[in-house]
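# Architecture and fold: a report
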Amino acid sequence: MVDLWHSLSAPLQDSLLLIALLAPLGLLGWITIAGFSPLPLVRAILWRFRWANALFVSLIAVSVGLGVGILAQERGLRVGTATAADKFDLIIAAPGSELTMLMAAVYLQPSNVGLVDGQVYTRIAEDPLVDLAAPLAFGDSYKGAPVIGTISEFVAHLSGTLAEGEIWQTYDHAVIGADVPLSIGEKFEPAHGFGFAVQEGVHGHQLTVMGVMQPTGSPWDRAILVPIEAVWETHGMFTGHAPEDNDHTDRFGPPFDADFFPGTPAVVVRAQSLAAAYTLQSTFARDGETMAFFPGAVLAGLYNVMGDVRQAMSLMASVTQILVAASVLMGLFILSQLFQRQMALLQALGAPRRFVLSVVWLYATVLTIAGALFGLVVGFVSALVLSEVVSDRTGINVTAQIGWGEVHLIAAFVLGVSVLSLVPGIAVLRRDIATSLRS
Amino acid sequence: MGPALSISDLRVTSPSGRSLLDVSSLNLPAGKTMGIAGPSGAGKSTLLFAVAGLIVPTAGRIAWDDTVITDMRQRARTAFRRRSVGMIFQDFLLFDELGAAANAGVSALFQPAAKRVALQETAETHLNSFGLSDVSRPVASFSGGERQRVAAARALAGEATILLADEPTASLHREAADALTDDLLDQVAARGMTMVVVSHDAALLNRMDSVVEITDGRINHG
Ligand SMILES: Nc1ncnc2c1ncn2[C@@H]1O[C@H](COP(=O)(O)OP(=O)(O)OP(=O)(O)O)[C@@H](O)[C@H]1O
Ligand SMILES: [Mg+2]
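Residues numbered from 1 in each chain as written. Chains lettered and ligands numbered in written order. Predicted model: local features only at pLDDT ≥ 70, side-chain atom pairs only at ≥ 80, totals over all residues. Heavy atoms only, no water.

## Concerning the overall build of chain B
The line we're drawing: By the criteria applied, helices consist of DSSP H or I runs no shorter than four residues and strands consist of E runs no shorter than two, each listed in order from the N terminus. In this description the radius of gyration comes from C-alpha coordinates, and the expected globular size is given by 2.2 Å times residues to the power 0.38. Relative accessibility decides the category of a residue: with a 1.4 Å probe and only protein chains considered, values under 20% of the type maximum give buried, values over 50% give exposed, and everything between is partly exposed. Only the protein chains shown count as covering a residue, and every accessible area follows the Shrake-Rupley method with a 1.4 Å probe. When charges are counted, Lys and Arg contribute as positive and Asp and Glu as negative, whereas His and the chain ends are disregarded. By convention, the point assigned to a charge is CZ for Arg, NZ for Lys, CD for Glu and CG for Asp.
Along chain B, the regular secondary structure elements total 7 helices and 10 strands. Here the C-alpha atoms of chain B give a radius of gyration of 17 Å, agreeing with the 17 Å that 2.2 N^0.38 yields for 222 residues. Along the first, second and third principal axes, the C-alpha set of chain B runs to 45 × 40 × 35 Å. Within chain B, the proportion of its 222 residues that are buried is 53%. Total accessible area on chain B is roughly 9300 Å²; 49% of this is exposed by carbon and sulfur atoms. Where the 21 positive side-chain charges of chain B centre and where its 24 negative ones centre are 8 Å apart.

## Focus on the overall build of chain A
Let me state the cut-off plainly: Note on contacts: a residue pair is in contact if any heavy atoms of the two residues lie within 4.5 Å.
Across its full length, chain A carries 15 helices and 11 strands. Compactness check: chain A gives a C-alpha radius of gyration of 31 Å against a globular reference of 22 Å for 439 residues, more than 25% above the reference. By its C-alpha atoms, chain A is 110 × 50 × 30 Å across when sized along the principal axes. Looking at chain A as a whole, 48% of its 439 residues qualify as buried. A sequence separation of at least 24 residues applies to 77% of the contacts in chain A between residues at least 6 apart. Averaging the locations of the 21 positively and 35 negatively charged side chains of chain A gives two centres separated by 32 Å.

## Some points on the sheet that holds strand β2 (residues 19-28) of chain B
All names here are of chain B. Our working definition: In this analysis, strands are considered paired if DSSP registers two or more bridges between them. Note on geometry: axes are lines fitted to C-alpha atoms, helical ones only across the stretch in contact, with angles between N-to-C directions running from 0 to 180 degrees.
Taken together, the 4 strands give an open sheet; going across it, the order is β2-β1-β4-β5, and neighbouring strands pair in antiparallel fashion. With partners counted over all chains shown, the strands left at the sheet margins are β2 and β5 (67-68), one partner each. The pairing of strand β1 (residues 5-13) with β2 spans 8 bridges and is antiparallel. The residue bridging R11 from the neighbouring strand is D22, located in β2. Taken strand by strand, helix α1 (residues 44-51) contacts β1, β2 and β4 (59-64), and its axis lies near 120 degrees from that of β1.

## So, the nonpolar core
So the rule is basically this: In plain words, nonpolar cores are sets of buried Ala, Val, Leu, Ile, Met, Phe, Trp, Tyr and Cys residues tied together by side-chain atoms within 4.5 Å.
Grouped together as the largest cluster of nonpolar side chains are 91 residues, with contacts concentrated most on L346 and L437 of chain A together with F89 and L164 of chain B. For this core, the element with the most residues is helix α12 (residues 353-394) of chain A, which contributes 11 residues. Sequence-distant contacts of F89 of chain B, defined by excluding residues within four places in its chain, comprise L345, A348, L349 and L437 of chain A together with F49, L54, R154 and D166 of chain B. Within the second largest apolar cluster, 70 residues are counted, among which are A93, V130, V212 and V231 of chain A.

## Thoughts on the interface of chain B and chain A
Defined as follows: Each of two parts loses accessible area, computed with a 1.4 Å probe, when they are put together; buried area is these two losses added. Definition used for salt bridges: Asp or Glu carboxyl oxygen within 4 Å of a side-chain nitrogen of Lys or Arg. Nitrogen and oxygen atoms within 3.5 Å of one another constitute a polar contact, given that in protein one can donate a hydrogen and the other can accept it, and given that sequence-neighbouring residues count only through two side-chain atoms.
Taken residue by residue, the interface counts 23 residues in chain B and 25 residues in chain A. Summed over both sides, the interface between chain B and chain A buries roughly 2300 Å², with carbon and sulfur atoms accounting for 65% of that surface. Seen at the junction of chain B and chain A, the total is 3 salt bridges. Across the salt bridge formed by E97 of chain B and R48 of chain A, the nearest N and O atoms sit 3.5 Å from each other. Along the contact surface separating chain B from chain A lie 9 residue pairs in polar contact (both at pLDDT 80 or more). Elements with a contribution of two residues or more to the side of chain B that touches chain A: α1 and α2 (74-84) of chain B.

## Concerning the site of ligand 1
Spelled out, the test is: Note on definitions. A residue lies near a molecule or strand when any single heavy atom of the residue is within 4 Å of it. Note on residue classes: Ala, Val, Leu, Ile, Met, Phe, Trp, Tyr, Cys and Pro are nonpolar, Asp, Glu, Lys and Arg are charged, and everything else, Gly too, is polar.
Around ligand 1 lies a shell of 14 residues, among which S40, K44, S45, T46 and Q90 of chain B are the nearest. Mapping the residues near ligand 1 onto chains gives chains A and B. R18 of chain B is positioned such that a nitrogen or oxygen atom in its side chain is 3.3 Å from an oxygen atom of ligand 1. At 2.9 Å, a backbone N or O of G43 of chain B approaches an oxygen atom of ligand 1. When isolated, ligand 1 has an accessible area of 640 Å², and the protein chains bury 70% of it. If one sorts the elements of the shell around ligand 1 by residue count, α1 of chain B sits on top with 3 residues. Of the residues contributing to the shell around ligand 1, the split by class is 4 nonpolar, 7 polar and 3 charged.

## Side note on the domain arrangement of chain A
Residues and elements named next belong to chain A. The cut-off we apply is this: Boundaries of every domain are those given by an automatic assignment or by a domain database.
Partitioning chain A into domains gives domain 1 (12-83 + 302-438) and domain 2 (90-293). If you look at the interface, domain 1 gives 9 residues, while domain 2 gives 6 residues. Buried surface at the junction of domain 1 and domain 2, both sides included, amounts to about 630 Å², of which 50% is carbon and sulfur. Connecting domain 1 to domain 2 are 0 salt bridges. Sorting elements by how many residues they give to the side of domain 1 that touches domain 2 places α12 first, with 4 residues. Of the residues belonging to the side of domain 1 that touches domain 2, the class tally is 2 nonpolar, 5 polar and 2 charged.

Okay, here's the thing in structure tokens:
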């Protein structure tokens, strides 16, 4: 049985779970309603107490919406961060914190890290298993957009062909990410440092935008990419190439001369193959001078921790749902008080108890379903807004989507409340008919 | 033909222990009509509720023919009302959001499907004969007299053999009261119903086969 379940495809499992949650609801509805037509009375009650009902629906919508929003947001964040790291197969850097390096290299969150020197870089670049070894240089920015030095091959790796313009031809040229608010031909002067530490005009060095990359859904969309040689040069260092007399042409990219290589905090490596990536990782991880890690693996570890947090959150969400269900039950008791007299009248007119139960049950279930559907909308919109904010702050492309988890949560909630709403129905039936009629 | 009512040693006590009704014997032959008069608070409505099986007496026996409703559980009493009793309440008790037709035919919502169409048609026939033509407007906007007629149509819509009416003409002008009385009594006669009516309306009481007066929960046979 368990094996059979696991042999099913995920969407099939999800659909079956949904059916399993909705079937009891349908059965319950059939058992209470079959043979009766409570709808006209339910409609009358819905209309009569429309403000109380609207309040009730909003209460359910907000609480369901929060649960849905958090679940959708958490998933969006996971997918977004993973997508942003897609192009970063293997990172080799000076020994230190993998997470810090991941944040710096993939998500462009600047921090002080050690450098990989020329010898090591050359060893990486010349390894036959390496397809691309891109050095990075951080430290400058322009109006909040990080200016990152690298090689043109890495631009091609990130963007494929450029969306617009062309790659740099001199050290004064730059290529910008898709979301940088500059256009081709525009000149700008990067500042040293980033964020609060910016020192304007220290370099006194103007750059011209030559090309625009394709969108990548990562913080690199807001970065300005320049030849790494230009970063080194403006900081008064060698350019990675041996100086030659009377040489006025700018030289780009590998091979670099190890003696004139100022160092790079991180080398992004594309291996010849997946197997090659694992070999490289173990080679450079064991090397005392470097660490090598797969961003995907670090993220997976991170998601594991987040998963624990998520479990804690979903436990909290469940407790919240139970509390909401309890207050819904309370609300139903109060609402059913409002139409106690009409329900007594029905019995006075000879209505079977099951009919009265069907009116109360259908009424409560309509409210719950309406609240849950509104909650889905509320959750989706709040996840949309939250995603927008997160994307805006981090540059990571976070998209909010409603997934099966949320649908199941809602279906379970509706089922739970509709079972619970039999209780106020039964309570209505237990009260004395004559007393209710005279009240 | 409607059933005969027989009541013996009936005592109804309020939750606080006050005696509301104390009737040693009261009988109404099958298909006959009986008026109940008496001052306000005497226990007239309480008696009507008791014979409808809506309240459980502290002691005594109420039977409609062989059906001893004081021996029955609530479920059975409800089923008895569904089959046999048409009731007009003192304060009408309508569903304000529903129209006159939906109110008069409200039992159709829980009666067996086979009876529904006929029940709804009968309800509308009575509404028409009571002079109510606007049958879909919510009764919340109806006058007291119009509501009273809707309540009467509801009591007659089913196949009831017992008609229990609490002040059915109280909200009506003289002519309207007489017209409704005519219609009710026509129906009662045509269907052979047994009828108990609580009223202050002398014109209505005069047309009953018998009249009893209640004071302080006790019957003064008149
Ligand atoms: N559930 C109850 N608890 C306490 N007292 C009650 C209850 N029901 C009725 N009574 C009391 O019983 C008495 C009889 O009430 P009932 O409604 O039968 O009077 P009535 O004869 O119909 O009066 P009216 O002509 O004003 O309608 C009243 O004093 C009323 O207050
Ligand atoms: Mg009364």
